[in-house]
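Spelled out from the first residue to the last, the chains are:
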Amino acid sequence: MQIPSVQTPPADPSAKRTDVSRYRTSEIDLDGLVARQASRDPDQFGPDPNLRQIAVGGLAPWQMRNVQAYVDTYLRLTIRVEVLAGLCNLSSGHFQRAFKASLGETPHKYVTRRRMEMACRMMAGTDEPLCRIALECGMTDQAHLTNSFRRLYGIAPNAWRKRKLLERSGHGVRETAVAPLN
């Protein structure tokens, strides 16, 4: 048994457009909708100011806490971007873009900076040799520490350490007040 095909007469395209546009303008009051949105009190109903960062592509606060805690815990070891991205449930590419949007630096620079801060604390607080400090901070060797330290602070770590020791002992170069020449 064959089912007879029902053919509908072709609709007039211009009539269809007018029907749809007439429906849309009669059912949706766009001007009223815009006026209602503009009259809302942004402080009462607006988004949380802390969430604006998320809207522009940054990491959520819980993601930043996870990354910072992981980096602080495993600073002495190799830290891979893929692992940090996994903590945030993001792909590594998206994580790197979001991380830079949040902190203004790449994950690699962040980890390096944290390692240099740890090295500074160790150099100022202990008499350990720089090669041991480098290994404790997750660097491959003393040369790696020296290059990274110099790139970040503009001075060699040993010179920085000597300057800190002199400042602590009171024999460092002190800035003297210079009177204006007027």
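See the structure above.
As the structure is a computational prediction, the values presented were derived from the model and not from experiment.

Scanning the protein chain from N- to C-terminus turns up eleven helices and zero strands. When the elements of the protein chain are put in sequence order from the N terminus, they spell out α-α-α-α-α-α-α-α-α-α-α. Accessible surface for the protein chain amounts to roughly 13900 Å². Of this, 54% is attributable to carbon and sulfur atoms.

In this model helix H11 (residues 157–169) runs 18 Å from its N-terminal to its C-terminal C-alpha over 13 residues, within 8% of the 18 Å that 1.5 Å per residue would give. Buried within H11 are the following residues: Pro157, Trp160 and Arg161. In an axial view of H11, the angular spread of the buried residues amounts to 100°, which keeps them on one side of the axis. Close packing links the buried residues of H11 with helix H8 (107–125), helix H9 (130–136) and helix H10 (142–153). Taken from the residues just after H11, Gly170 is the one with a positive phi, measuring 90°.

Once that is clear, we can look at the pattern of salt bridges. All told, the structure shown has seven salt bridges when counted by the stated rule. Between Glu136 and Arg76 there is a salt bridge; the shortest N-O distance is 3.0 Å. Taken together, the residues Glu136 in helix H9 and Arg76 in the loop between helix H5 (61–73) and helix H6 (81–87) connect sequence positions 60 residues apart. Across the pair Glu117 and Arg114 runs a salt bridge whose closest N-O atoms are separated by 2.7 Å. With Glu117 and Arg114 both in helix H8 and three residues apart, the pair spans about one turn of that helix. The exposure class of Arg114 is buried, given its relative accessible area of 19%. Taken together, the shared-partner salt bridges connect Asp72, Glu105, Arg113, Arg114 and Glu117 into one network.

Another point: the packing of aromatic side chains. This model, assessed by the stated rule, comprises five aromatic pairs. Ring centres 4.7 Å apart and planes at 40° place the aromatic pair Tyr70 and Tyr74 in the tilted group. Every member of this aromatic cluster is reached through a ring pair, and the members are Phe95, Phe99 and Tyr110.

Looking now at the environment of Gly93. Mapped onto the elements of the fold, Gly93 is located in helix H7 (residues 92–103). Taking the relative accessible area as the measure of exposure, Gly93 reaches 28% and is therefore partly exposed. As a C-alpha pair, Gly93 and Val81 span twelve residues in sequence and 9.1 Å in three-dimensional space.

Let us look at the state of the cysteines. For the structure shown, the criterion picks out zero disulfides. Here Cys137 is not cross-linked by a disulfide; its sulfur's nearest cysteine counterpart is in Cys120, at 8.8 Å. Given a relative accessible area of 0%, Cys137 falls into the buried group.

The next thing to look at is the nonpolar core. Val67, Val71, Phe95, Phe99, Ile133, Leu145 and Phe149 are the most contacted members of the largest nonpolar core, which totals 29 residues. Elements represented by at least two residues in this core include exactly H5, H6, H7, H8, H9 and H10. No other element matches H8, which puts eight residues into this core. What Phe95 contacts, discounting residues up to four positions off in sequence, is Leu59, Val67, Val81, Leu84, Ala85, Cys88, Leu90 and Pro107.

What counts as what
Residues numbered from 1 in each chain as written. Predicted model: local features only at pLDDT ≥ 70, side-chain atom pairs only at ≥ 80, totals over all residues. Heavy atoms only, no water. Helix = DSSP H or I, 4+ residues; strand = E, 2+ residues; numbered from the N terminus. Areas by Shrake-Rupley, 256 points an atom, 1.4 Å probe, with all protein chains shown as cover. Expected span 1.5 Å × (residues − 1). Buried < 20%, exposed > 50% of the residue type's maximum accessible area, 1.4 Å probe, protein only. Arc of directions from axis to C-beta. Contact = heavy atoms within 4.5 Å. Salt bridge = Lys/Arg side-chain N within 4 Å of Asp/Glu carboxyl O. Phe/Tyr/Trp six-rings, centres within 6.5 Å; stacked < 30°, edge-to-face > 60°. Disulfide = S-S within 2.5 Å. Core = buried A, V, L, I, M, F, W, Y, C linked by side-chain atoms within 4.5 Å.

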